[in-house]
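Report on the structure
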Amino acid sequence: MKDKEENGTYSAPALDKGLDILEVLCKSENGLTQQEIAAQLGRKLGEIYRMLNCLVQRNYVANYGNVYTITSKLFQLSHFHPPTYRLLTEALPIMESLSRAVSFPCDLRVYNSGIQTVIASIQPPNGLGFMTRVGSEIEVAPSASGMVLLAFQDQIIKDIRIRESLPNSSEAEIETYSNSLKEVILKGFASIKSKQYAGLHAISFPILDMNGNAVAAMTVPMLARIDGTNQFTHEQVEEMLRKSVSNLSQKITITNINA
């Protein structure tokens, strides 16, 4: 046994099977049935049944009507604590400057298995506006930030996230929502009237990694005042947010290159 370990031949069959399943699903655009997975791996159904169930329970794999697809968990793990820390370190000063300039709150959100989590939130000096608490978990589909976090991804990740975010939706509803993301991609951001709160307009831009995928969304929720106080227009905030996000994306890209 010692010789096997020294020669690198000491094996873990169960782990091998699990990794084989993950690898074959990563290469499939539309998911695979158990039978198709077994056939591609040259294994019997009984050999992969338990492992596949375990991967589903641990949220590495999703089961949609006996069609199995990879989730975004591996992607999330690859972007865990150190990159998030660097993102926050670079983002907070930029967010504070932006919030002070536009007199609206500003927050930073990341995608997390069908929901989005607020990881930073800045309030303007006057303390007024629609502000989200750090740690809040928010629905993805109805929001500008959610649209951004879904739209700017590789196609496989995008499809996975859409289904995670719309778990009880029909195929027609999923297709309609997918089509709505095309305009976001063309514009490079989302700027929409809130579907949940009257008088609220949200503008959200993606924070992109070196591959052009959104690792976070920076969002400014604009709450209209009715007392005659002058406010920045949507277009003005869009331009200022665009510049802030461009600055941040450049900083984290340089940081990642130098890390």
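Residues numbered from 1 in each chain as written. Predicted model: local features only at pLDDT ≥ 70, side-chain atom pairs only at ≥ 80, totals over all residues. Heavy atoms only, no water.

1. So, the pairing of strand β8 (residues 214–223)
- For β8, the tally of buried residues reaches 9 of 10 residues, placing the bulk of the element in the interior.
- In this structure, strand β7 (residues 200–208) lies alongside β8, joined through 9 bridges in antiparallel fashion. The residue bridging F205 from the neighbouring strand is M218, located in β8.
- Following β7, the chain reverses through 5 residues before pairing antiparallel with β8; G212 in that reversal takes a positive phi of roughly 80°. (Buried < 20%, exposed > 50% of the residue type's maximum accessible area, 1.4 Å probe, protein only. Helix = DSSP H or I, 4+ residues; strand = E, 2+ residues; numbered from the N terminus. Pairing = 2+ DSSP bridges.)

2. Here's the deal with the packing of aromatic side chains
- Under the counting rule described, the total for this entry stands at 1 aromatic pair.
- Consider the rings of F189 and F205, whose centres lie 4.5 Å apart with planes at 5°: the pair is stacked. Taken together, the residues span a long stretch of sequence, with F189 in the loop between α9 (171–187) and β6 (190–193) and F205 in strand β7 at a distance of 16 residues.
- Look at F205 and you get buried, because its relative accessible area is 4%.
- The ring of Y64 carries R163 above its face, with NZ or CZ at 5.9 Å from the centroid. (Phe/Tyr/Trp six-rings, centres within 6.5 Å; stacked < 30°, edge-to-face > 60°. Lys NZ or Arg CZ within 6 Å of the ring centre and 35° of its normal.)

3. Details of the sheet that holds β7
- One open sheet accounts for 6 strands, arranged β5-β4-β3-β8-β7-β6; its pairing is antiparallel. Looking at which strands have only one partner, the edges of the open sheet turn out to be β5 (137–139) and β6. Taken pair by pair, the neighbouring strands of this sheet meet at an average axis angle of 30°, ignoring direction.
- Relative to strand β4 (residues 115–122), strand β3 (residues 106–112) is paired through 7 bridges, and the arrangement is antiparallel. Along β4, the bridge assignment pairs N112 with I115. (Axes fitted to C-alpha atoms, helices over the stretch in contact; angles between N-to-C directions.)

4. Some thoughts on the nonpolar core
- One finds L108, I207 and M218 to be the most contacted residues of the largest nonpolar core, which totals 27 residues.
- For this core, the leading source of residues is helix α6 (residues 81–102), giving 6 residues.
- In contact with L108, not counting residues within four places along its chain, are L87, L88, A91, M95, T117, V118, I119, A120, I207, A216, A217 and M218.
- Counting residues in hydrophobic clusters, the runner-up holds 20 residues, among them Y111, V148, A151 and Y177. (Core = buried A, V, L, I, M, F, W, Y, C linked by side-chain atoms within 4.5 Å. Contact = heavy atoms within 4.5 Å.)

5. Considerations on the side chain of S244
- In this structure, S244 sits in helix α10 (residues 234–258).
- Within polar-contact distance, the side chain of S244 engages the backbone oxygen of M240 at 3.1 Å.
- Sequence-distant contacts of S244, that is, excluding residues within four places in its chain, are made with I94 and L98. (Polar contact = N/O pair within 3.5 Å; in protein donor to acceptor, adjacent residues only side chain to side chain.)

6. Examining the side chain of D107
- Relative to the helices and strands, D107 resides in strand β3.
- A polar atom in the side chain of D107 sits 2.8 Å from the side chain of R109.

7. With respect to the environment of F104
- Relative to the helices and strands, F104 resides in the loop between α6 and β3.
- For F104, a relative accessible area of 5% puts it in the buried group.
- With 116 residues separating them in the primary sequence, F104 and V220 have C-alpha atoms 6.7 Å apart.
- With near-sequence residues (within four places) excluded, F104 lies in contact with S99, P124, V220, P221, M222, L223, Q231, F232 and V237.

8. Here's the deal with the packing of helix α3 (residues 34–41) against helix α4 (residues 45–57)
- Taken N-terminus to C-terminus, the directions of α3 and α4 make an angle of 120°; their axes are 9 Å apart at the nearest point. On the basis of their axis angle, the class for α3 and α4 is oblique. The interaxial crossing formed by α3 with α4 has right-handed handedness. In contact with Q34, Q35, I37 and A38 of α3, α4 contributes L45, I48, Y49 and L52.
- Classifying every residue of the contact of α3 with α4 gives 6 nonpolar, 2 polar and no charged. (Parallel < 35°, antiparallel > 145°, perpendicular 65-115°, else oblique. Left-handed = near helix turned anticlockwise from the far one by under 90°. Nonpolar A, V, L, I, M, F, W, Y, C, P; charged D, E, K, R; others polar.)

On their own, these measurements won't tell you what the molecule is for.
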